[in-house]
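What follows is each chain in one-letter form.
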Amino acid sequence: MKKLVFFLLVALFLGSCSGEKKERESRGQEFSAKELQAEAGKKRYPLEQGIIRSTSEAMGMEMSIVTYFDKWGEWEAIETTVPMEVMGEDYSTRTLEIIKGDDHWKIDLDKKTGEHYTLARAINPLGVDVESLSDELLGKMNLEDLGEVEFLGYKCRKMSMKSDKGTQMDYVMWGNVMMSMEGEAMGIQTSSRVTSVEEVAPPQEKFEVPRDIQFADEE
């Protein structure tokens, strides 16, 4: 029973986080290749390398995320921790995603299992190059540009999105890095926030796939 409660909570949490992504992908199908081609070859981060720490919350559950990046974001290592206690038992999870170009390794650090796949990436969670958005594309995406704001000492751009599918979100973007997001998706309040940006060279071992992981295609 305890495990059932845990998996239901995780499913609801992930559903709230993925709802906005699915809606964004649906909108993306309406855009022409010409409208989206600006992101090809675009730098994913304003810095060549660094470490970004952030938190994300939905339904009272909070994730801690550490993102290591290099080569302007061509390489990323994303460590996610979800602390959780259900009926006195610890169900915390730790996952790692390593990305090099279009190669992805998604790893469960507790179970020592993972999967590898190839997938072309969007330049950011919104799916389009924020720095070159035209007024026409802003309209198609139901985005409103609210102007410049300062966040953690960086000059950022605030944007708002409303849709007839129940999504209402406010974003703060530093280039193509989402510094904060807050609003409602699929009727669920959700938020994320960068807590620190370290302009340092990340440890290169963070981009190495652990040797003790059993990948699905190796079974």
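Residues numbered from 1 in each chain as written. Predicted model: local features only at pLDDT ≥ 70, side-chain atom pairs only at ≥ 80, totals over all residues. Heavy atoms only, no water.

**So, the nonpolar core**
One recurring pattern in soluble globular proteins: nonpolar side chains tend to sit buried together. Applied cut-off: Buried residues of nine kinds, namely Ala, Val, Leu, Ile, Met, Phe, Trp, Tyr and Cys, make up a nonpolar core once their side-chain atoms join them within 4.5 Å. Remark: exposure states derive from per-residue accessible area (1.4 Å probe, protein chains only) relative to the maximum for the residue type, with buried under 20%, exposed over 50%, and partly exposed in between. Here, residues are in contact when the closest pair of their heavy atoms is within 4.5 Å.
Leu-126, Leu-133, Leu-143, Met-159, Tyr-171 and Met-173 are the most contacted members of the largest nonpolar core, which has 16 residues in total. With residues up to four places along the chain from it excluded, the contact list for Leu-143 reads Leu-133, Leu-138, Met-159, Ser-160, Met-161 and Tyr-171. Membership of the second largest hydrophobic core comes to 13 residues, among which are Leu-47, Phe-69, Cys-156 and Val-172.

**Concerning the packing of aromatic side chains**
How two aromatic rings sit relative to each other is given by the distance of their centres and the angle of their planes. Selection criterion: Only rings of Phe, Tyr and Trp enter the pairing, Trp through its six-membered ring, and a pair is recorded when the two centres are within 6.5 Å. The plane angle decides the type: under 30 degrees is stacked, over 60 is edge-to-face, the rest tilted. What counts as a helix is a DSSP run of H or I of at least four residues, what counts as a strand is a run of E of at least two, and both are numbered from the N terminus.
Within the structure shown, the criterion is met by three aromatic pairs. Ring geometry for Tyr-45 and Phe-69: centres 3.9 Å apart, planes at 5°, overall stacked. Here Tyr-45 is found in the loop between helix H2 (33-36) and strand E1 (50-58), whereas its partner Phe-69 is found in strand E2 (residues 61-70), with 24 residues between them in sequence. The class for Phe-69 is buried, based on a relative accessible area of 1%.

**Looking at the sheet that holds strand E3 (residues 75-82)**
Through backbone hydrogen bonds, the strands of a sheet pair up, either in parallel or in antiparallel fashion. The condition that has to hold: We treat two strands as partners when DSSP finds at least two bridges between them.
If you walk across this open sheet you meet the twelve strands as E9-E10-E11-E12-E13-E1-E2-E3-E6-E7-E8-E14, and the pairing is mixed. Taken across any chain shown, the strands that pair with only one partner, and hence form the sheet edges, are strand E9 (143-151) and strand E14 (214-215). The pairing of E9 with strand E10 (residues 154-162) spans eight bridges and is classified as antiparallel. When the bridges of E10 are listed, Glu-148 appears paired with Arg-157.

**Digging into the side chain of Ser-192**
Position of Ser-192 relative to the elements: it lies in strand E13 (residues 188-198). Among residues more than four places away in sequence, those in contact with Ser-192 are Thr-55, Ser-56, Met-179, Ser-180 and Met-181.

**Focus: the environment of Asp-135**
Tracing the backbone shows Asp-135 in helix H3 (residues 135-140). Its relative accessible area of 68% is what places Asp-135 among the exposed residues. In this structure, the C-alpha to C-alpha distance between Asp-135 and Asp-145, residues ten residues apart in sequence, is 9.1 Å.

**Quick word on unusual backbone geometry**
Within the chain, Trp-72 stands out as a residue other than glycine whose phi angle is a positive 60°. You will see that Lys-112, though not glycine, has its phi angle at about 60°, which is positive. The partly exposed category is assigned to Lys-112, whose relative accessible area is 34%.

**Considering the pairing of strand E7 (residues 103-108)**
Looking at chain direction, strand E6 (residues 93-100) and E7 are connected through six bridges and run antiparallel. Paired with Ile-99 across the strands is His-104, a residue of E7. Turn length for the E6-E7 hairpin, with the two strands adjacent in sequence and antiparallel, is two residues, and the turn residue Gly-101 shows positive phi of about 65°. Bridging between E7 and strand E8 (residues 113-118) involves six bridges; their strand directions are antiparallel. Paired with Asp-108 across the bridge in E8 is Thr-113. Hairpin geometry of E7 and E8 is characterised by an intervening segment of four residues between the two adjacent antiparallel strands and by a positive phi of about 60° at Lys-112.

**Structural notes on the pattern of salt bridges**
Threshold: Take a side-chain nitrogen of Lys or Arg and a carboxyl oxygen of Asp or Glu: if they are within 4 Å of each other, that pair is a salt bridge.
Per the counting criterion, the structure on display carries seven salt bridges. Taking the shortest distance from any N to any O, the salt bridge between Glu-79 and Lys-206 comes out at 3.0 Å. Taken together, the residues span a long stretch of sequence, with Glu-79 in strand E3 and Lys-206 in the loop between E13 and E14 at a distance of 127 residues. For Glu-79, a relative accessible area of 24% corresponds to the partly exposed category. A residue is classified by how much of its surface remains accessible, and Lys-206, at 25% relative accessible area, is partly exposed. Put simply, Arg-94 and Asp-110 hold a salt bridge, and the shortest N to O gap is 3.2 Å. Of this pair, Arg-94 sits in strand E6 while Asp-110 is found in the loop between E7 and E8, placing the two residues 16 residues apart along the sequence. Residue Asp-110 is classed as partly exposed on the basis of its relative accessible area of 41%. One continuous salt-bridge network, built from bridges that share partners, spans Arg-44, Glu-76 and Arg-121.

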